[in-house]
Amino acid sequence: QVQPVESGGGLVQPGGSLRLSCAASGSGFSIYDMAWYRQAPGKQRELVARITNAGSTNYPDSVKGRFTISRDNVRSTVYLQMNRLKLEDTAVYFCKIQTRGGDYWGKGTLVTVSS
């Protein structure tokens, strides 16, 4: 069983930065893609960033140039560095871990951007 656990959310002012982490606990699994999604109140969950096991990344235009995803394969951890945060970045952020056995989601961490 793979259990991703996010951390690093919180309250930040517009223009500020936060770094999210997601560590996947468990054993005996190989991780393929790792990704961050977010869901704002009243909206659908959307992809924020994805990184393959080869290190290729992709981002939607809404965060490109501001967010950076990275991973530590030894620690089975994925990170999301968020800079120049905007009010519209407020959401619950979830990580998703893709393994041979399927996709696993964390429970989310709340990011609130407010002045």
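Provided above is the structure to which this section pertains.
Right, let's walk through the structure included here. Keep in mind that this is a model prediction, so the values were computed, not measured.

### Looking at the sheet that holds strand β7 (residues 67-72)
Then comes step 1: One open sheet accounts for four strands, arranged β1-β3-β8-β7; its pairing is antiparallel. Edge strands, defined here as strands with exactly one partner in the open sheet, are β1 (3-7) and β7. In this sheet, adjacent strand axes meet at a mean angle of 15 degrees when their direction is disregarded.
Then comes step 2: By the bridge criterion, six bridges tie strand β3 (residues 18-25) to strand β8 (residues 77-82) in an arrangement that is antiparallel. Bridge assignment links Ser21 to a residue of β8, and that residue is Tyr79.

### Observations concerning the side chain of Thr77
Then comes step 1: For Thr77, the position within the fold is in strand β8.
Then comes step 2: A relative accessible area of 7% means that Thr77 is categorised as buried.
Then comes step 3: If sequence neighbours within four positions are ignored, Thr77 has contacts with Cys22, Ala23, Met34, Ser70, Arg71 and Asp72.

About the criteria used
- Residues numbered from 1 in each chain as written.
- Predicted model: local features only at pLDDT ≥ 70, side-chain atom pairs only at ≥ 80, totals over all residues.
- Heavy atoms only, no water.
- Pairing = 2+ DSSP bridges.
- Helix = DSSP H or I, 4+ residues; strand = E, 2+ residues; numbered from the N terminus.
- Axes fitted to C-alpha atoms, helices over the stretch in contact; angles between N-to-C directions.
- Buried < 20%, exposed > 50% of the residue type's maximum accessible area, 1.4 Å probe, protein only.
- Contact = heavy atoms within 4.5 Å.

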